[in-house]
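# Analysis of the macromolecular model
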Amino acid sequence: EAGVAQSPRYKIIEKRQSVAFWCNPISGHATLYWYQQILGQGPKLLIQFQNNGVVDDSQLPKDRFSAERLKGVDSTLKIQPAKLEDSAVYLCASSFSPGVLYEQYFGPGTRLTVT
Amino acid sequence: KQEVTQIPAALSVPEGENLVLNCSFTDSAIYNLQWFRQDPGKGLTSLLLIQSSQREQTSGRLNASLDKSSGRSTLYIAASQPGDSATYLCAVDQAGTALIFGKGTTLSVSS
């Protein structure tokens, strides 16, 4: 079974530039999550999708971050304009469904450096 | 608001030692608890998932316990090896939604 795919793996941009990350979840997984992991911290949820609808985006800085999941499969996360504090690893995860029995599977992450 | 704490933040042990990593959470109303491993520059690998009705789970040299009422979980690693060196993250799931993570324990096993 193929895992969660993410691209790019690394990205370096200057502040005020824009950047986009892509995620392809495990086939058949209805729930998709984007987490932000700042160095030395645990991952923090940015947004959760169930199919192509948003379940939770309460911690997404909506003035600069946006995300979409068209057709309930792939997802993109965009930052515009980027700030220095956005430097982090962005992790995508998926699960068959939200709930007790379903583990979340994580992709390798995209490491963003904002200079 | 749920908070997850992991102690210690870092741990160094010689090869062969048995060790325990600790995780505590402030709200006992959880659905499940997961332990993950993260290697430098890599994503998260799920090690063990304990449902709220369970007390422990075992996988090879790993054993995780859960005491929901006291808000604690431990990850026991038997006969540690250099390949176990990584950061171990604990996360709780409160309502079948996103995970809430601790900051992790960075383990170094020397040969």
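Residues numbered from 1 in each chain as written. Chains lettered and ligands numbered in written order. Predicted model: local features only at pLDDT ≥ 70, side-chain atom pairs only at ≥ 80, totals over all residues. Heavy atoms only, no water.

## Concerning the sheet that holds strand 7 (residues 65–68) of chain A
Residue and element names in this part refer to chain A. Note the cut-off: Any two strands are treated as partners once DSSP identifies two or more bridges connecting them. Every helix listed is a DSSP run of H or I at least four residues long, and every strand listed is a run of E at least two residues long, numbered separately from the N terminus. Simply put, an axis is a line fit to the C-alpha atoms, just over the touching stretch for a helix, and the angle between two N-to-C directions goes from 0 to 180 degrees.
One open sheet holds the 4 strands; their spatial order is 1-3-8-7, and the pairing between them is antiparallel. Both edges of this open sheet fall to strand 1 (5–7) and strand 7, since each of them pairs with a single strand only. Along the sheet, successive strands turn relative to each other by an average axial angle of 15°, direction set aside. As paired strands, strand 3 (residues 19–24) and strand 8 (residues 75–79) are joined by 5 bridges and run antiparallel to one another. Bridging across to strand 8, Phe 21 finds its partner in Leu 77.

## Details of the state of the cysteines
Rule in force here: Cysteine sulfur atoms are paired as a disulfide whenever they come within 2.5 Å of each other. Partly exposed residues are those whose accessible area sits between 20% and 50% of the maximum for their type, while under 20% is buried and over 50% is exposed, using a 1.4 Å probe and protein chains only.
A full pass over the atoms with the stated rule returns 2 disulfides over all chains. At a sulfur-sulfur separation of 1.9 Å, the disulfide partner of Cys 23 of chain A is Cys 92 of chain A. Handedness of the Cys 23 of chain A-Cys 92 of chain A disulfide follows from its S-S torsion of about -70°: it is left-handed. With Cys 23 of chain A in strand 3 and Cys 92 of chain A in strand 9 (residues 88–95), the pair connects residues that are 69 residues apart, well separated along the chain. Residue Cys 23 of chain A is classed as buried on the basis of its relative accessible area, which comes to 0%. A relative accessible area of 0% means that Cys 92 of chain A is categorised as buried. Two residues, Cys 23 of chain B and Cys 90 of chain B, share a disulfide whose sulfurs are 2.0 Å apart. In this structure, the disulfide formed by Cys 23 of chain B and Cys 90 of chain B twists by about -60° around the S-S bond and is classed as left-handed. Taken together, the residues span a long stretch of sequence, with Cys 23 of chain B in strand 3 (residues 19–25) and Cys 90 of chain B in strand 9 (residues 86–93) at a distance of 67 residues.

## Notes on the interface of chain B and chain A
Using the following cut-off: Contact between two residues is taken to exist if any of their heavy atoms lie within 4.5 Å; hydrogens are not considered. Buried area: the accessible area, evaluated with a 1.4 Å probe, that two parts lose upon being put together, summed over both parts. Here, a salt bridge means any Lys or Arg side-chain nitrogen found within 4 Å of an Asp or Glu carboxyl oxygen. Think of a polar contact as two N or O atoms within 3.5 Å of one another; within protein, one of them needs to be a possible hydrogen donor and the other a possible acceptor, and neighboring residues in sequence only count if both atoms come from side chains. All residues other than Ala, Val, Leu, Ile, Met, Phe, Trp, Tyr, Cys, Pro, Asp, Glu, Lys and Arg, Gly among them, are scored as polar; the first ten of these are nonpolar and the last four charged.
If you look at the interface, chain B gives 21 residues, while chain A gives 21 residues. Buried surface at the junction of chain B and chain A, both sides included, amounts to about 1,600 Å², of which 53% is carbon and sulfur. Summed over the shared surface of chain B and chain A, the result is 0 salt bridges. Inspection of the chain B/chain A interface yields 5 residue pairs in polar contact (both at pLDDT 80 or more). For the side of chain B that touches chain A, the secondary-structure elements that each account for two or more residues are strand 4 (32–38), strand 5 (44–51), strand 9 and strand 10 (99–101) of chain B. For the side of chain B that touches chain A, a count of residues per class yields 8 nonpolar, 10 polar and 3 charged.

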